[in-house]
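Below are the chains, spelled out letter by letter.
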Amino acid sequence: MLRAGVISLLLAASCLAGERPVILATETNRRQVDRYDIFEVTAAVRARFENPFRAGDIRVELHLVSPSGRNVTARGFYDQQFVRVKGHDRGELRPAGKPRWKVRFAPDEAGAWSYRLIVATRGGTARSEPGQFLCTPGNLPGPARVAKSNPRRFAYADGSPCLPIGMNVCWAAGGKQPFKTYLDAMSKAGCNYARVWLCSWDLAFEGKRLDDYRLDTAQRLDELFEYAAGRGIGIQLCIDNFSDFVKGDKATLNPYWRRNGGPGADVPDFFRNERAAAHYERKLAYLAARYGAHANLFAWELWNEMNLLTEARQPRYMIEWTKRMTAFLRAADGGRHLITTSIAGNDPWLELWSGSGVDFAQVHVYIPHPEQINYDAELDAAELILSRIGPFEDLPMPVIVGEYGFKRDGEVNLPEGFAADGTHIHNAMWAAAMGGSAGGVMPWWWDKYIHPTNQYRHFTAVAKFCRDLDLNSPDWRIVADHFDGQGRVRVIGWKTQTRGAFWIRRLGNGWYDRLIEKSAPRMLHNVIVRIPGLADGRYRAEWVDTATGKVVKVTFAATDAGVLQLNVPVQAPDVALKTSMQ
(Lines give C-alpha, C1' and ligand atoms only; values in the text may rest on other atoms or scores of the structure.)
Protein backbone atom coordinates (compact mmCIF):
# COMPACT_ATOMS: atom_id res chain seq x y z
CA MET A 1 0.00 0.00 0.00
CA LEU A 2 1.35 3.41 -0.94
CA ARG A 3 1.25 5.95 1.82
CA ALA A 4 -1.08 8.87 1.30
CA GLY A 5 1.76 11.39 1.19
CA VAL A 6 3.22 9.57 -1.82
CA ILE A 7 -0.19 9.32 -3.49
CA SER A 8 -0.73 13.06 -3.10
CA LEU A 9 2.54 13.93 -4.80
CA LEU A 10 1.84 11.62 -7.72
CA LEU A 11 -1.55 13.19 -8.30
CA ALA A 12 -0.13 16.69 -8.02
CA ALA A 13 2.41 16.00 -10.75
CA SER A 14 -0.37 15.45 -13.28
CA CYS A 15 -1.61 19.07 -13.05
CA LEU A 16 -0.78 21.45 -15.87
CA ALA A 17 2.08 23.93 -15.38
CA GLY A 18 0.88 27.46 -14.70
CA GLU A 19 -2.73 26.41 -14.33
CA ARG A 20 -4.89 28.74 -12.26
CA PRO A 21 -6.53 26.81 -9.40
CA VAL A 22 -10.21 25.95 -9.70
CA ILE A 23 -12.56 25.14 -6.82
CA LEU A 24 -14.68 22.38 -8.33
CA ALA A 25 -17.05 21.85 -5.40
CA THR A 26 -17.44 22.47 -1.68
CA GLU A 27 -19.56 20.96 1.05
CA THR A 28 -19.95 21.66 4.77
CA ASN A 29 -20.52 19.30 7.66
CA ARG A 30 -23.38 21.43 9.04
CA ARG A 31 -25.12 24.78 8.80
CA GLN A 32 -25.45 25.24 12.55
CA VAL A 33 -22.70 24.56 15.08
CA ASP A 34 -22.32 25.02 18.82
CA ARG A 35 -19.65 27.40 20.07
CA TYR A 36 -16.25 25.64 20.26
CA ASP A 37 -17.50 22.73 18.13
CA ILE A 38 -16.13 22.10 14.63
CA PHE A 39 -17.40 23.65 11.40
CA GLU A 40 -15.77 21.88 8.45
CA VAL A 41 -15.55 22.67 4.75
CA THR A 42 -14.47 19.98 2.28
CA ALA A 43 -13.37 21.09 -1.17
CA ALA A 44 -12.49 19.43 -4.47
CA VAL A 45 -9.72 21.53 -6.01
CA ARG A 46 -7.91 21.39 -9.33
CA ALA A 47 -4.50 23.02 -8.95
CA ARG A 48 -0.84 22.65 -9.78
CA PHE A 49 1.56 22.10 -6.88
CA GLU A 50 4.62 20.03 -6.14
CA ASN A 51 4.09 19.64 -2.42
CA PRO A 52 0.60 19.95 -0.88
CA PHE A 53 2.18 20.48 2.54
CA ARG A 54 4.26 23.50 1.51
CA ALA A 55 2.42 26.81 1.75
CA GLY A 56 4.56 28.29 -1.01
CA ASP A 57 3.14 25.73 -3.45
CA ILE A 58 -0.51 25.86 -2.45
CA ARG A 59 -2.44 27.52 0.33
CA VAL A 60 -6.08 26.76 1.11
CA GLU A 61 -7.76 29.03 3.63
CA LEU A 62 -11.17 29.87 4.97
CA HIS A 63 -11.62 33.61 5.45
CA LEU A 64 -14.32 34.24 8.02
CA VAL A 65 -16.11 37.24 9.51
CA SER A 66 -17.51 36.82 13.01
CA PRO A 67 -20.89 38.16 14.19
CA SER A 68 -19.06 41.12 15.80
CA GLY A 69 -17.10 41.87 12.63
CA ARG A 70 -13.75 40.23 13.39
CA ASN A 71 -11.78 38.86 10.46
CA VAL A 72 -10.49 35.34 11.10
CA THR A 73 -8.46 32.99 8.90
CA ALA A 74 -8.41 29.19 9.20
CA ARG A 75 -5.81 27.27 7.22
CA GLY A 76 -6.81 24.14 5.30
CA PHE A 77 -5.04 20.80 5.01
CA TYR A 78 -4.61 18.10 2.38
CA ASP A 79 -6.51 14.91 3.15
CA GLN A 80 -7.07 11.40 1.90
CA GLN A 81 -9.98 9.34 3.13
CA PHE A 82 -9.31 5.76 4.24
CA VAL A 83 -11.54 2.79 4.98
CA ARG A 84 -10.80 0.28 7.69
CA VAL A 85 -10.13 -3.26 6.60
CA LYS A 86 -10.14 -4.83 10.05
CA GLY A 87 -12.64 -4.20 12.75
CA HIS A 88 -10.99 -2.08 15.45
CA ASP A 89 -8.91 1.07 15.78
CA ARG A 90 -5.64 -0.74 15.01
CA GLY A 91 -7.00 -2.28 11.82
CA GLU A 92 -5.42 -1.71 8.40
CA LEU A 93 -6.52 1.40 6.50
CA ARG A 94 -6.74 1.61 2.73
CA PRO A 95 -7.27 4.75 0.57
CA ALA A 96 -10.80 5.37 -0.64
CA GLY A 97 -11.69 7.99 -3.24
CA LYS A 98 -9.65 10.97 -4.39
CA PRO A 99 -7.63 13.30 -2.15
CA ARG A 100 -9.39 16.50 -1.09
CA TRP A 101 -8.86 19.65 0.93
CA LYS A 102 -10.49 20.35 4.27
CA VAL A 103 -10.70 23.36 6.55
CA ARG A 104 -11.76 23.03 10.18
CA PHE A 105 -12.78 25.94 12.34
CA ALA A 106 -14.12 26.20 15.89
CA PRO A 107 -16.17 29.40 16.31
CA ASP A 108 -15.82 31.18 19.63
CA GLU A 109 -18.68 33.66 19.17
CA ALA A 110 -22.40 32.96 18.92
CA GLY A 111 -24.29 34.38 15.95
CA ALA A 112 -24.10 34.35 12.16
CA TRP A 113 -20.66 33.80 10.61
CA SER A 114 -19.85 34.43 6.96
CA TYR A 115 -16.99 32.79 5.09
CA ARG A 116 -15.30 32.31 1.73
CA LEU A 117 -12.83 29.62 0.65
CA ILE A 118 -9.58 30.87 -0.91
CA VAL A 119 -7.13 28.71 -2.88
CA ALA A 120 -3.79 30.29 -3.88
CA THR A 121 -0.97 28.75 -5.94
CA ARG A 122 1.85 30.11 -8.08
CA GLY A 123 -0.64 30.04 -10.95
CA GLY A 124 -3.17 32.37 -9.30
CA THR A 125 -6.01 32.51 -6.80
CA ALA A 126 -9.52 31.05 -6.73
CA ARG A 127 -12.39 32.14 -4.47
CA SER A 128 -15.57 30.32 -3.65
CA GLU A 129 -19.01 31.85 -3.41
CA PRO A 130 -19.63 33.31 0.07
CA GLY A 131 -21.39 31.16 2.64
CA GLN A 132 -22.83 31.44 6.11
CA PHE A 133 -23.35 29.28 9.17
CA LEU A 134 -24.97 29.92 12.53
CA CYS A 135 -23.08 29.46 15.79
CA THR A 136 -25.30 28.72 18.79
CA PRO A 137 -24.11 29.23 22.41
CA GLY A 138 -24.19 25.51 23.27
CA ASN A 139 -22.70 24.23 26.51
CA LEU A 140 -19.15 23.29 25.56
CA PRO A 141 -16.49 24.81 27.87
CA GLY A 142 -13.96 25.30 25.07
CA PRO A 143 -10.21 24.61 25.04
CA ALA A 144 -8.05 24.62 28.17
CA ARG A 145 -6.15 27.80 29.00
CA VAL A 146 -3.95 29.13 31.76
CA ALA A 147 -6.46 30.62 34.19
CA LYS A 148 -6.66 34.42 34.02
CA SER A 149 -7.33 34.61 37.75
CA ASN A 150 -4.42 32.35 38.74
CA PRO A 151 -1.34 31.73 36.53
CA ARG A 152 -0.64 28.46 38.38
CA ARG A 153 -3.92 26.84 37.36
CA PHE A 154 -5.88 25.85 34.24
CA ALA A 155 -9.33 26.99 33.14
CA TYR A 156 -11.48 26.35 30.10
CA ALA A 157 -12.24 29.09 27.60
CA ASP A 158 -15.58 29.77 29.29
CA GLY A 159 -13.76 30.44 32.58
CA SER A 160 -14.71 27.24 34.38
CA PRO A 161 -11.85 25.51 36.26
CA CYS A 162 -9.90 22.69 34.62
CA LEU A 163 -8.04 20.18 36.79
CA PRO A 164 -6.49 17.51 34.52
CA ILE A 165 -6.90 14.03 35.99
CA GLY A 166 -5.81 11.09 33.86
CA MET A 167 -2.85 9.10 32.61
CA ASN A 168 -0.50 8.33 29.76
CA VAL A 169 -1.98 6.27 26.94
CA CYS A 170 0.89 6.99 24.62
CA TRP A 171 0.45 4.09 22.22
CA ALA A 172 -1.66 0.99 21.75
CA ALA A 173 0.16 -0.91 18.98
CA GLY A 174 1.37 -4.30 20.10
CA GLY A 175 -0.66 -4.10 23.29
CA LYS A 176 -3.63 -6.18 24.32
CA GLN A 177 -6.00 -3.22 24.27
CA PRO A 178 -6.85 -0.54 21.67
CA PHE A 179 -7.06 3.15 22.58
CA LYS A 180 -10.83 2.97 22.93
CA THR A 181 -10.63 0.45 25.76
CA TYR A 182 -8.44 2.76 27.84
CA LEU A 183 -10.53 5.85 27.07
CA ASP A 184 -13.75 4.06 28.04
CA ALA A 185 -12.28 2.97 31.37
CA MET A 186 -10.84 6.43 32.04
CA SER A 187 -14.13 8.16 31.28
CA LYS A 188 -16.00 5.83 33.60
CA ALA A 189 -13.48 6.65 36.32
CA GLY A 190 -14.02 10.41 35.95
CA CYS A 191 -10.80 11.21 34.06
CA ASN A 192 -10.57 14.17 31.70
CA TYR A 193 -6.98 13.90 30.39
CA ALA A 194 -4.83 11.51 28.33
CA ARG A 195 -1.31 11.92 26.98
CA VAL A 196 -0.78 10.47 23.49
CA TRP A 197 2.40 10.24 21.39
CA LEU A 198 3.12 10.45 17.70
CA CYS A 199 5.77 7.71 17.47
CA SER A 200 7.24 5.42 14.85
CA TRP A 201 5.90 2.23 16.47
CA ASP A 202 2.24 3.29 16.55
CA LEU A 203 0.95 6.72 15.50
CA ALA A 204 3.73 7.26 12.96
CA PHE A 205 3.04 10.63 11.38
CA GLU A 206 6.17 11.18 9.26
CA GLY A 207 7.27 8.79 6.52
CA LYS A 208 10.76 7.93 5.29
CA ARG A 209 11.16 11.32 3.63
CA LEU A 210 10.59 14.81 4.95
CA ASP A 211 7.13 16.18 4.09
CA ASP A 212 5.86 12.64 3.47
CA TYR A 213 3.08 12.65 6.05
CA ARG A 214 1.16 9.52 6.95
CA LEU A 215 -2.41 10.50 6.20
CA ASP A 216 -3.64 7.09 7.35
CA THR A 217 -2.20 7.93 10.77
CA ALA A 218 -3.78 11.38 10.52
CA GLN A 219 -7.20 9.74 10.12
CA ARG A 220 -6.56 7.46 13.09
CA LEU A 221 -5.76 10.55 15.12
CA ASP A 222 -8.97 12.22 13.89
CA GLU A 223 -10.92 9.24 15.17
CA LEU A 224 -9.04 9.27 18.48
CA PHE A 225 -9.82 12.95 19.10
CA GLU A 226 -13.48 12.42 18.25
CA TYR A 227 -13.79 9.34 20.46
CA ALA A 228 -12.05 11.05 23.38
CA ALA A 229 -14.25 14.15 23.02
CA GLY A 230 -17.35 11.98 23.32
CA ARG A 231 -16.02 10.76 26.66
CA GLY A 232 -15.01 14.13 28.04
CA ILE A 233 -11.26 13.52 27.73
CA GLY A 234 -8.71 16.07 26.57
CA ILE A 235 -5.64 14.93 24.63
CA GLN A 236 -2.11 16.18 25.25
CA LEU A 237 -0.48 15.40 21.90
CA CYS A 238 3.26 14.71 22.14
CA ILE A 239 4.72 15.43 18.70
CA ASP A 240 8.22 13.94 19.07
CA ASN A 241 10.23 11.71 21.39
CA PHE A 242 13.91 11.05 21.95
CA SER A 243 13.67 7.37 20.96
CA ASP A 244 12.80 8.18 17.35
CA PHE A 245 15.90 10.37 17.06
CA VAL A 246 18.66 8.48 18.89
CA LYS A 247 17.56 4.87 19.52
CA GLY A 248 19.30 2.70 16.90
CA ASP A 249 16.55 0.90 14.98
CA LYS A 250 14.13 3.82 15.29
CA ALA A 251 16.69 6.48 14.30
CA THR A 252 17.38 4.60 11.05
CA LEU A 253 13.88 5.59 9.93
CA ASN A 254 14.09 9.24 10.97
CA PRO A 255 13.95 11.52 7.91
CA TYR A 256 15.75 14.43 9.62
CA TRP A 257 19.15 12.68 9.77
CA ARG A 258 21.63 13.27 6.97
CA ARG A 259 22.33 9.54 6.67
CA ASN A 260 18.63 9.12 5.79
CA GLY A 261 18.60 11.98 3.29
CA GLY A 262 17.72 14.76 5.74
CA PRO A 263 19.63 17.90 6.82
CA GLY A 264 20.78 17.02 10.37
CA ALA A 265 24.31 15.73 11.02
CA ASP A 266 23.84 15.23 14.78
CA VAL A 267 21.64 16.40 17.66
CA PRO A 268 23.11 19.92 18.04
CA ASP A 269 22.99 20.36 14.25
CA PHE A 270 19.32 19.32 14.13
CA PHE A 271 18.39 22.00 16.65
CA ARG A 272 20.47 24.67 14.91
CA ASN A 273 19.92 23.70 11.27
CA GLU A 274 17.72 26.16 9.36
CA ARG A 275 16.58 23.60 6.80
CA ALA A 276 15.60 21.15 9.54
CA ALA A 277 13.69 23.94 11.30
CA ALA A 278 11.80 24.82 8.11
CA HIS A 279 10.68 21.21 7.64
CA TYR A 280 9.72 20.96 11.30
CA GLU A 281 7.63 24.12 11.06
CA ARG A 282 5.89 22.65 8.02
CA LYS A 283 4.91 19.64 10.10
CA LEU A 284 3.64 21.85 12.92
CA ALA A 285 1.60 23.88 10.44
CA TYR A 286 -0.13 20.76 9.16
CA LEU A 287 -0.87 19.45 12.66
CA ALA A 288 -2.24 22.84 13.71
CA ALA A 289 -4.49 23.05 10.64
CA ARG A 290 -5.84 19.54 11.06
CA TYR A 291 -6.28 19.29 14.84
CA GLY A 292 -6.31 22.88 16.08
CA ALA A 293 -10.10 23.09 15.88
CA HIS A 294 -10.54 20.31 18.45
CA ALA A 295 -11.59 21.82 21.77
CA ASN A 296 -10.41 18.65 23.52
CA LEU A 297 -6.83 19.17 22.38
CA PHE A 298 -5.61 19.92 25.90
CA ALA A 299 -2.08 20.83 24.83
CA TRP A 300 0.62 20.45 22.20
CA GLU A 301 3.78 18.86 23.59
CA LEU A 302 6.79 19.45 21.35
CA TRP A 303 9.00 16.75 22.86
CA ASN A 304 8.97 13.90 25.28
CA GLU A 305 12.15 14.19 27.39
CA MET A 306 14.20 16.01 24.78
CA ASN A 307 17.19 16.29 27.13
CA LEU A 308 17.76 12.54 26.63
CA LEU A 309 18.85 13.32 23.08
CA THR A 310 22.23 14.47 24.41
CA GLU A 311 24.57 14.17 27.38
CA ALA A 312 25.03 17.93 27.40
CA ARG A 313 23.41 19.55 30.44
CA GLN A 314 20.78 22.19 29.69
CA PRO A 315 22.07 23.07 26.20
CA ARG A 316 21.12 26.56 25.14
CA TYR A 317 20.28 25.44 21.60
CA MET A 318 17.35 23.40 22.93
CA ILE A 319 15.90 26.43 24.70
CA GLU A 320 16.26 28.59 21.57
CA TRP A 321 14.73 25.89 19.37
CA THR A 322 11.81 25.47 21.77
CA LYS A 323 11.27 29.22 21.84
CA ARG A 324 11.17 29.37 18.03
CA MET A 325 8.83 26.40 17.61
CA THR A 326 6.53 27.54 20.39
CA ALA A 327 6.13 30.93 18.71
CA PHE A 328 5.55 29.32 15.31
CA LEU A 329 3.00 26.83 16.62
CA ARG A 330 1.16 29.49 18.58
CA ALA A 331 0.80 31.56 15.40
CA ALA A 332 -0.22 28.56 13.29
CA ASP A 333 -2.76 27.48 15.89
CA GLY A 334 -4.07 30.98 16.46
CA GLY A 335 -3.18 30.72 20.15
CA ARG A 336 -6.08 28.39 20.76
CA HIS A 337 -4.23 25.70 22.69
CA LEU A 338 -1.64 25.31 25.40
CA ILE A 339 1.95 24.42 24.48
CA THR A 340 4.52 22.54 26.55
CA THR A 341 7.50 20.21 26.26
CA SER A 342 9.13 17.77 28.68
CA ILE A 343 12.49 16.69 30.07
CA ALA A 344 13.65 13.74 32.15
CA GLY A 345 15.57 13.64 35.40
CA ASN A 346 15.55 15.51 38.70
CA ASP A 347 16.95 18.82 37.46
CA PRO A 348 13.98 21.23 37.11
CA TRP A 349 15.78 23.24 34.37
CA LEU A 350 13.84 26.39 35.30
CA GLU A 351 15.49 28.40 32.52
CA LEU A 352 13.74 26.23 29.94
CA TRP A 353 10.28 26.88 31.34
CA SER A 354 10.78 30.59 31.94
CA GLY A 355 12.66 31.33 28.71
CA SER A 356 11.08 29.28 25.93
CA GLY A 357 7.54 30.65 25.75
CA VAL A 358 5.75 27.44 26.77
CA ASP A 359 2.52 27.73 28.77
CA PHE A 360 3.21 25.21 31.51
CA ALA A 361 5.95 23.01 32.91
CA GLN A 362 5.81 19.28 33.41
CA VAL A 363 7.99 17.01 35.47
CA HIS A 364 8.42 13.26 35.10
CA VAL A 365 8.79 11.44 38.40
CA TYR A 366 9.80 7.81 38.82
CA ILE A 367 10.37 5.84 42.02
CA PRO A 368 13.76 4.09 41.90
CA HIS A 369 14.27 0.39 42.47
CA PRO A 370 14.53 -0.24 46.25
CA GLU A 371 18.29 -0.85 46.05
CA GLN A 372 18.76 2.51 44.30
CA ILE A 373 17.06 4.80 46.82
CA ASN A 374 19.13 7.98 47.26
CA TYR A 375 17.09 10.11 49.67
CA ASP A 376 14.24 9.71 52.13
CA ALA A 377 11.53 11.31 49.96
CA GLU A 378 11.87 8.43 47.49
CA LEU A 379 10.54 6.05 50.15
CA ASP A 380 7.14 7.76 50.07
CA ALA A 381 5.35 8.68 46.84
CA ALA A 382 3.57 11.70 48.32
CA GLU A 383 6.75 13.20 49.73
CA LEU A 384 8.56 12.50 46.46
CA ILE A 385 5.91 14.34 44.43
CA LEU A 386 5.96 17.31 46.80
CA SER A 387 9.77 17.49 46.59
CA ARG A 388 9.71 17.48 42.78
CA ILE A 389 7.06 20.17 42.31
CA GLY A 390 8.52 22.32 45.12
CA PRO A 391 11.21 24.00 42.94
CA PHE A 392 8.43 25.37 40.70
CA GLU A 393 6.69 27.21 43.54
CA ASP A 394 7.78 30.65 42.33
CA LEU A 395 7.40 29.91 38.61
CA PRO A 396 4.38 31.88 37.32
CA MET A 397 2.90 29.02 35.32
CA PRO A 398 1.14 25.71 35.99
CA VAL A 399 3.17 22.57 36.60
CA ILE A 400 1.91 19.02 36.11
CA VAL A 401 3.45 15.60 36.74
CA GLY A 402 3.30 14.37 33.15
CA GLU A 403 4.71 10.90 33.87
CA TYR A 404 4.79 8.91 37.10
CA GLY A 405 5.43 5.34 38.24
CA PHE A 406 8.09 2.88 39.29
CA LYS A 407 11.28 3.04 37.26
CA ARG A 408 11.82 0.14 34.88
CA ASP A 409 14.26 -2.52 36.10
CA GLY A 410 15.31 -4.15 32.84
CA GLU A 411 12.26 -5.82 31.36
CA VAL A 412 10.63 -6.35 34.75
CA ASN A 413 8.89 -3.41 36.35
CA LEU A 414 9.31 -4.14 40.05
CA PRO A 415 7.85 -3.66 42.55
CA GLU A 416 4.85 -2.64 40.46
CA GLY A 417 4.24 -6.25 39.54
CA PHE A 418 2.98 -6.99 43.04
CA ALA A 419 1.70 -3.51 43.95
CA ALA A 420 -1.91 -4.29 43.15
CA ASP A 421 -3.14 -2.17 46.06
CA GLY A 422 -1.86 0.96 44.28
CA THR A 423 -0.49 2.69 47.39
CA HIS A 424 2.02 4.65 45.33
CA ILE A 425 -0.70 5.78 42.86
CA HIS A 426 -3.12 6.77 45.63
CA ASN A 427 -0.62 8.83 47.61
CA ALA A 428 0.94 10.52 44.59
CA MET A 429 -2.43 11.44 43.10
CA TRP A 430 -3.63 13.17 46.26
CA ALA A 431 -0.27 14.84 46.87
CA ALA A 432 -0.18 16.32 43.37
CA ALA A 433 -3.79 17.49 43.26
CA MET A 434 -3.67 19.07 46.72
CA GLY A 435 -0.01 20.03 46.99
CA GLY A 436 0.66 22.63 44.29
CA SER A 437 0.44 20.83 40.97
CA ALA A 438 -2.23 22.00 38.50
CA GLY A 439 -3.54 18.43 38.20
CA GLY A 440 -3.07 14.89 39.43
CA VAL A 441 -0.10 12.71 38.56
CA MET A 442 -0.29 11.10 35.11
CA PRO A 443 0.78 7.46 35.61
CA TRP A 444 2.91 5.51 33.16
CA TRP A 445 2.49 1.72 32.63
CA TRP A 446 -1.10 2.06 31.42
CA ASP A 447 -0.88 -1.23 29.49
CA LYS A 448 1.18 -3.30 31.95
CA TYR A 449 -0.12 -2.08 35.28
CA ILE A 450 -2.96 0.47 35.46
CA HIS A 451 -5.41 -1.35 33.20
CA PRO A 452 -4.55 -4.99 34.02
CA THR A 453 -4.79 -4.39 37.79
CA ASN A 454 -7.71 -1.93 37.49
CA GLN A 455 -6.20 1.05 39.30
CA TYR A 456 -8.78 3.51 37.92
CA ARG A 457 -10.41 3.94 41.35
CA HIS A 458 -7.55 6.23 42.37
CA PHE A 459 -8.54 8.72 39.68
CA THR A 460 -12.21 8.58 40.64
CA ALA A 461 -11.84 9.67 44.25
CA VAL A 462 -9.64 12.69 43.48
CA ALA A 463 -11.80 13.77 40.54
CA LYS A 464 -14.97 13.57 42.64
CA PHE A 465 -13.44 15.50 45.54
CA CYS A 466 -12.16 18.31 43.31
CA ARG A 467 -15.19 18.56 41.02
CA ASP A 468 -16.88 21.46 42.83
CA LEU A 469 -13.68 23.23 43.92
CA ASP A 470 -12.73 26.40 42.09
CA LEU A 471 -9.09 26.65 43.09
CA ASN A 472 -8.47 29.26 40.38
CA SER A 473 -9.61 32.08 42.64
CA PRO A 474 -6.61 34.15 43.82
CA ASP A 475 -8.05 33.96 47.34
CA TRP A 476 -6.84 30.37 47.75
CA ARG A 477 -3.52 29.84 49.51
CA ILE A 478 -1.60 26.58 49.60
CA VAL A 479 -1.14 24.77 52.91
CA ALA A 480 1.64 22.24 53.49
CA ASP A 481 2.50 21.48 57.09
CA HIS A 482 2.47 18.97 59.95
CA PHE A 483 -0.60 20.16 61.83
CA ASP A 484 -0.70 17.76 64.75
CA GLY A 485 2.52 19.12 66.23
CA GLN A 486 4.14 15.69 66.60
CA GLY A 487 5.31 15.04 63.06
CA ARG A 488 2.94 12.09 62.62
CA VAL A 489 0.39 13.74 60.36
CA ARG A 490 0.84 15.79 57.21
CA VAL A 491 -1.91 18.19 56.09
CA ILE A 492 -1.69 19.64 52.60
CA GLY A 493 -4.29 21.52 50.61
CA TRP A 494 -5.78 24.94 50.01
CA LYS A 495 -7.64 27.52 52.05
CA THR A 496 -9.21 30.95 51.87
CA GLN A 497 -10.37 32.91 54.90
CA THR A 498 -13.70 31.03 54.88
CA ARG A 499 -13.11 27.75 52.98
CA GLY A 500 -10.64 24.90 52.90
CA ALA A 501 -9.84 21.68 51.04
CA PHE A 502 -7.25 19.38 52.61
CA TRP A 503 -5.67 15.95 52.41
CA ILE A 504 -4.79 14.64 55.87
CA ARG A 505 -2.50 11.62 56.01
CA ARG A 506 -0.83 9.57 58.68
CA LEU A 507 2.85 9.34 57.82
CA GLY A 508 4.45 5.90 57.60
CA ASN A 509 2.05 4.66 54.91
CA GLY A 510 4.33 4.99 51.92
CA TRP A 511 4.97 2.42 49.22
CA TYR A 512 8.21 1.30 50.90
CA ASP A 513 6.43 0.75 54.22
CA ARG A 514 3.71 -1.28 52.54
CA LEU A 515 5.55 -3.22 49.83
CA ILE A 516 9.08 -3.68 51.13
CA GLU A 517 8.81 -3.57 54.92
CA LYS A 518 5.36 -5.21 54.83
CA SER A 519 4.14 -2.99 57.68
CA ALA A 520 0.46 -2.77 58.56
CA PRO A 521 -1.35 0.47 57.69
CA ARG A 522 -0.89 3.23 60.29
CA MET A 523 -4.19 4.90 61.13
CA LEU A 524 -5.33 8.41 61.96
CA HIS A 525 -6.26 7.82 65.60
CA ASN A 526 -6.97 10.47 68.24
CA VAL A 527 -5.68 13.09 65.82
CA ILE A 528 -6.48 16.78 66.20
CA VAL A 529 -5.70 19.19 63.36
CA ARG A 530 -5.57 22.94 63.80
CA ILE A 531 -6.05 25.19 60.78
CA PRO A 532 -4.99 28.83 61.39
CA GLY A 533 -5.71 31.99 59.45
CA LEU A 534 -9.50 31.63 59.13
CA ALA A 535 -12.22 34.19 59.71
CA ASP A 536 -14.02 33.70 63.00
CA GLY A 537 -17.27 31.78 62.76
CA ARG A 538 -18.92 28.37 62.70
CA TYR A 539 -17.65 25.88 60.09
CA ARG A 540 -19.06 22.78 58.46
CA ALA A 541 -16.51 19.99 57.94
CA GLU A 542 -17.12 17.26 55.36
CA TRP A 543 -14.89 14.21 55.84
CA VAL A 544 -14.34 12.31 52.59
CA ASP A 545 -13.16 8.74 52.01
CA THR A 546 -10.07 9.09 49.79
CA ALA A 547 -10.67 5.66 48.24
CA THR A 548 -14.18 6.46 46.97
CA GLY A 549 -14.62 10.24 47.11
CA LYS A 550 -17.76 9.81 49.23
CA VAL A 551 -18.59 11.93 52.28
CA VAL A 552 -18.46 9.64 55.33
CA LYS A 553 -18.97 12.17 58.15
CA VAL A 554 -20.10 15.76 58.68
CA THR A 555 -19.06 17.69 61.78
CA PHE A 556 -19.25 21.30 62.95
CA ALA A 557 -16.82 23.47 64.89
CA ALA A 558 -16.13 27.13 65.58
CA THR A 559 -12.86 29.02 65.26
CA ASP A 560 -11.01 30.33 68.26
CA ALA A 561 -8.85 33.39 67.52
CA GLY A 562 -8.82 32.45 63.85
CA VAL A 563 -7.84 28.80 64.43
CA LEU A 564 -10.19 25.97 63.50
CA GLN A 565 -9.55 22.89 65.66
CA LEU A 566 -10.99 19.62 64.41
CA ASN A 567 -10.96 16.10 65.80
CA VAL A 568 -10.44 13.69 62.91
CA PRO A 569 -13.50 11.40 63.20
CA VAL A 570 -12.29 8.48 61.07
CA GLN A 571 -9.69 5.79 61.55
CA ALA A 572 -7.96 5.38 58.20
CA PRO A 573 -4.49 5.96 56.74
CA ASP A 574 -5.74 9.23 55.27
CA VAL A 575 -8.85 11.34 54.80
CA ALA A 576 -9.89 14.34 52.74
CA LEU A 577 -11.61 17.35 54.26
CA LYS A 578 -13.69 20.25 53.00
CA THR A 579 -14.50 23.14 55.32
CA SER A 580 -16.81 26.08 54.77
CA MET A 581 -18.14 28.86 57.00
CA GLN A 582 -21.84 28.54 57.75
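Scroll up for the structure.
Everything in this summary refers to the structure shown in the same document. Bear in mind the structure is a predicted one, so any value in this text is a computation, not a measurement.

Among the surface-exposed residues, V551, V554 and F556 lie close enough to one another that they form a single nonpolar patch of about 230 Å² accessible area. Mapped onto the secondary structure, V554 falls in strand β29 (residues 551–560).

Turning our eyes to something else, we now look at helix α11 (residues 423–434). Compared with an ideal rise of 1.5 Å per residue, which puts twelve residues at 16 Å, α11 spans 17 Å between its outermost C-alpha atoms and is within 8% of the ideal. With twelve of twelve residues buried, α11 is to be regarded as a mostly interior element. Restricting attention to buried positions, one finds in α11 the residues T423, H424, I425, H426, N427, A428, M429, W430, A431, A432, A433 and M434. Count one or two residues on from α11 and you reach G436, which has phi positive near 125°.

The next subject is the packing of aromatic side chains. A full pass over the atoms with the stated rule returns 47 aromatic pairs. Aromatic pair F205 and Y286: ring centres 5.9 Å apart, planes at 40°, arrangement tilted. Linking F205 in the loop between β17 (193–197) and α3 (215–229) with Y286 in helix α7 (residues 274–291), this pair joins segments that are 81 residues apart in sequence. Residue class for Y286 comes out buried when judged on its relative accessible area of 6%. Judged by centre distance (5.1 Å) and plane angle (80°), the ring pair of F406 and W511 falls under edge-to-face. In this pair, F406 is assigned in strand β22 (residues 399–406) and W511 in helix α14 (residues 511–516), connecting sequence segments 105 residues apart. Assigned by exposure class, F406 and W511 land together as buried. Note that R153 overlies the ring of W494, its terminal NZ or CZ placed 5.2 Å from the centroid. The ring of F465 has K578 sitting right over it, with the charged end atom 4.8 Å from the ring centre.

Rules of the game
Residues numbered from 1 in each chain as written. Predicted model: local features only at pLDDT ≥ 70, side-chain atom pairs only at ≥ 80, totals over all residues. Heavy atoms only, no water. Patch = residues over 30% accessible without salt bridge, like charges linked within 9 Å, V, L, I, M, F, W, Y side chains within 5 Å. Areas by Shrake-Rupley, 256 points an atom, 1.4 Å probe, with all protein chains shown as cover. Salt bridge = Lys/Arg side-chain N within 4 Å of Asp/Glu carboxyl O. Helix = DSSP H or I, 4+ residues; strand = E, 2+ residues; numbered from the N terminus. Expected span 1.5 Å × (residues − 1). Buried < 20%, exposed > 50% of the residue type's maximum accessible area, 1.4 Å probe, protein only. Phe/Tyr/Trp six-rings, centres within 6.5 Å; stacked < 30°, edge-to-face > 60°. Lys NZ or Arg CZ within 6 Å of the ring centre and 35° of its normal.

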